[in-house]
Amino acid sequence: MVTEMNQSAGVDLGMEQVPVVTAKHINELILHYLVESGYEHSAFVFANETEYVAPESVEIPFGSLVSFLQKGLQFYAIETHVKLDGSVVADCEEPFSLVNTHKCKSKRLQAGAGTLTTAAAQTGASPSSSPKNGNEGAAVTVEANQTAARSTSTNLGDDSKMEVDPAKSSLDTTLLGGHKAEIVSCSWNPESDILASGSGDSTARIWNLTSSPSTYRLLKHPQIEGENQYIKSLDWNASGSHLATGTSDGIARIWTKQGAPVLSLSKHKGSIMCLKWNPNGNYILTGSEDKTMVVWDAQTGEIVQQYNCHSGVILDVDWRNATSFASSSARGPICICDLKSKKPTMRLEGHESEVNVIKWDPNGLLLASCSDDRTAKVWDIKNDRVVCAHTFAEHTREIYTLKWSPGLFSANPLIATGSMDTTVKLWDVNVGKCTYTLKHHVGPVITLSFSPDGTYLATGTNDDSVALWSVKTGTLIRTYQTDTGVNEVCWNNNGTRLAAGYRDGTVRVFDIKR
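Analysis parameters
Residues numbered from 1 in each chain as written. Predicted model: local features only at pLDDT ≥ 70, side-chain atom pairs only at ≥ 80, totals over all residues. Heavy atoms only, no water. Salt bridge = Lys/Arg side-chain N within 4 Å of Asp/Glu carboxyl O. Helix = DSSP H or I, 4+ residues; strand = E, 2+ residues; numbered from the N terminus. Buried < 20%, exposed > 50% of the residue type's maximum accessible area, 1.4 Å probe, protein only. Pairing = 2+ DSSP bridges. Axes fitted to C-alpha atoms, helices over the stretch in contact; angles between N-to-C directions. Core = buried A, V, L, I, M, F, W, Y, C linked by side-chain atoms within 4.5 Å. Contact = heavy atoms within 4.5 Å. Expected span 1.5 Å × (residues − 1). Phe/Tyr/Trp six-rings, centres within 6.5 Å; stacked < 30°, edge-to-face > 60°. Patch = residues over 30% accessible without salt bridge, like charges linked within 9 Å, V, L, I, M, F, W, Y side chains within 5 Å. Areas by Shrake-Rupley, 256 points an atom, 1.4 Å probe, with all protein chains shown as cover. Polar contact = N/O pair within 3.5 Å; in protein donor to acceptor, adjacent residues only side chain to side chain.

## So, the pattern of salt bridges
Enumeration over the complete set of coordinates arrives at eight salt bridges. Arginine 478 serves as the salt-bridge partner of aspartate 172, at 2.7 Å between the closest nitrogen and oxygen. Within this pair, whereas aspartate 172 is found in the loop between strand 6 (168–169) and strand 7 (173–176), its partner arginine 478 is found in strand 35 (residues 476–481), the two being separated by 306 residues in sequence. Residue aspartate 172 is classed as buried on the basis of its relative accessible area of 13%. Note that aspartate 193 is salt-bridged to arginine 497, the shortest N-O span being 3.2 Å. Taken together, the residues aspartate 193 in the loop between strand 8 (183–188) and strand 9 (194–199) and arginine 497 in strand 37 (residues 497–502) connect sequence positions 304 residues apart.

Take a look at the structure:
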């Protein structure tokens, strides 16, 4: 169902009347498609939920929705193959799809007036020098205005190989390539410069950035009925010795830091939406599309506790301490649970829509939450009593993400919120007011991350940019512009590197100069 799309969209085509697209028009096309396809019940429900009222006279040709999508896909194909510098990607062999991220596979680049650029020409190597080891990520890639790094592999004596990634580096940016679909999750190892990335191509990768050139381990997950699945969540334990991944098949998996599989945790009947290790590293908590949560023994793989306290998809979970945690869902209150009980010990009611993110403060006394109801809340939980200490209601659209600042928490606790209204707000929890509104992005802010010392805030959006802000002054320090949207940003443990996962399947690592 299309909602809140009241703005006109059009271009100057030399016409007296500019083409206009409204939510009503799109809903009409969807409704006619359902009727044409014989989905009468679905059409009835859709018309009821959108409160559709048929106009007195409307003529929608048969197959209009499919026709518009096909034409839009053709335009997208043309737009994608024309780079910002005017060069054109020629001979792309990868088909376009409405549901998958397109990543060009081209034998050549037609730059300007037809100049051919090959990997051999850029690296100074002969075509026969490219490695042929049959492993993902080992092939040399060619992109406009970038140098393709040669890739090799080292046999470690088992089925898994450590491979040199096809990274393209500048003075302060390292580009990690190899994933075949968008990056949906990434996380730094808490003890070293090792980065995990999860993608929609059924794989996760553990990148070792402590050496040059950087290397990675490929963590393969099975496909579902021949289709790739998403690595929707991944998390390191506190010591950095093990990584857990949660996927579309409802199975959580534990891996060593070296990429060796340890355990598969299977109970859920839907995708795993979120996953967290507890602080002690002996339990893993998973939240699923099936509306349940499971606590697992990380050593044995046995179920410690299962919770069925939500009526909607589990959207986020966060440990308060080693044995208690909070959870949020697409419907209903936030739940506080303890492993000693099969039922929640508290329910926090107040949000009027789905609660996207919940985060405990470092002391485990305050819980912050953000919602599609355009508010963020701070809950004060002491002695089994809960009080909503603050409701922050200055955003004009849904709040998608939220983080506590780790720096000088006891003296000046701060919360950052990122919204669909394209802004980021910093909130002083002591006084309950907004200290800064950070404006730069033109698209929804879907990810943000404080540096470990709380000095900087990194934000990312689908407007193709990552921004770096001063928390003290609220000023924009730097932006990193690309030609693809950002899904996640995260800092390494000492704040010298910032990683960003992109929709084109790449991970970029920015060196932050102090």
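Here the narrative resumes.
## So, the sheet that holds strand 30 (residues 423–428)
Where strands meet in a sheet, backbone hydrogen bonds hold them as pairs that are either parallel or antiparallel. Across the sheet, four strands lie side by side as 28-29-30-31; this open sheet has antiparallel pairing. Two strands in the sheet have a free side with no partner beyond their single neighbour: strand 28 (399–404) and strand 31 (433–439). Each adjacent strand pair in this sheet contributes to an overall mean axis angle of 20 degrees, direction not counted. Pairing of strand 29 (residues 414–419) with strand 30 involves five bridges; the strand directions are antiparallel. For glycine 418, the partnering residue across the bridge sits in strand 30 and is valine 424.

## Details of the nonpolar core
Leu285, Met293, Val295, Tyr307, Phe325 and Cys337 are the most contacted members of the largest nonpolar core, which totals 14 residues. Of all the secondary structure elements, the ones that give two or more residues to this core are strand 17 (283–288), strand 18 (293–297), strand 20 (314–319) and strand 22 (334–338). Excluding residues within four positions of it along the chain, leucine 285 makes contact with Cys274, Leu275, Lys276, Met293, Val294, Val295, Val317, Trp319 and Phe325.

## Let's talk about helix 1 (residues 23–36)
Counted at 1.5 Å a residue, the expected span for helix 1 with its 14 residues is 20 Å, and the 20 Å between its end C-alpha atoms agrees. Considered for burial, the residues of helix 1 that qualify are Ala23, Asn27, Glu28, Leu29, Leu31 and Leu34.

## Digging into the packing of aromatic side chains
Applying the stated criterion across every chain yields a total of six aromatic pairs. A ring pair is formed by tyrosine 456 and tryptophan 491, whose centres lie 6.3 Å apart and whose planes are at 10 degrees; its orientation type is stacked. With tyrosine 456 in strand 33 (residues 456–461) and tryptophan 491 in strand 36 (residues 486–491), the pair connects residues that are 35 residues apart, well separated along the chain. Between tyrosine 480 and phenylalanine 510, the ring centres sit 4.0 Å apart and the planes meet at 25 degrees, which makes this aromatic pair stacked. One end of the pair, tyrosine 480, is in strand 35; the other, phenylalanine 510, is in strand 38 (residues 507–511), with 30 residues separating them in the sequence.

## Digging into a nonpolar patch on the surface
On the surface, Tyr33, Tyr39 and Val66 cluster together into a nonpolar patch covering about 270 Å² of accessible area. On the secondary structure map, valine 66 appears in helix 3 (residues 64–80). On the basis of relative accessible area, valine 66 is assigned to the partly exposed category, the value being 38%.

## A short note on the sheet that holds strand 16 (residues 272–277)
Taken in spatial order, the four strands line up as 16-17-18-19 in an open sheet, and their pairing is antiparallel. Among the strands making up the open sheet, the edge pair consists of strand 16 and strand 19 (303–307). Direction aside, neighbouring strands of the sheet carry axes that sit 15 degrees apart on average. In this structure, strand 16 lies alongside strand 17, joined through five bridges in antiparallel fashion. From the neighbouring strand, leucine 275 faces strand 17, where its bridge partner is threonine 286.

## Overview of the side chain of lysine 276
The residue lysine 276 is located in strand 16 in this model. Of the polar contacts made by the side chain of lysine 276, one reaches the backbone oxygen of valine 317; its length is 2.9 Å. Every residue in contact with lysine 276, bar those within four places of it in the chain, is listed here: Asp235, Tyr283, Ile284, Leu285, Asp316, Val317, Asp318, Trp319 and Lys359.

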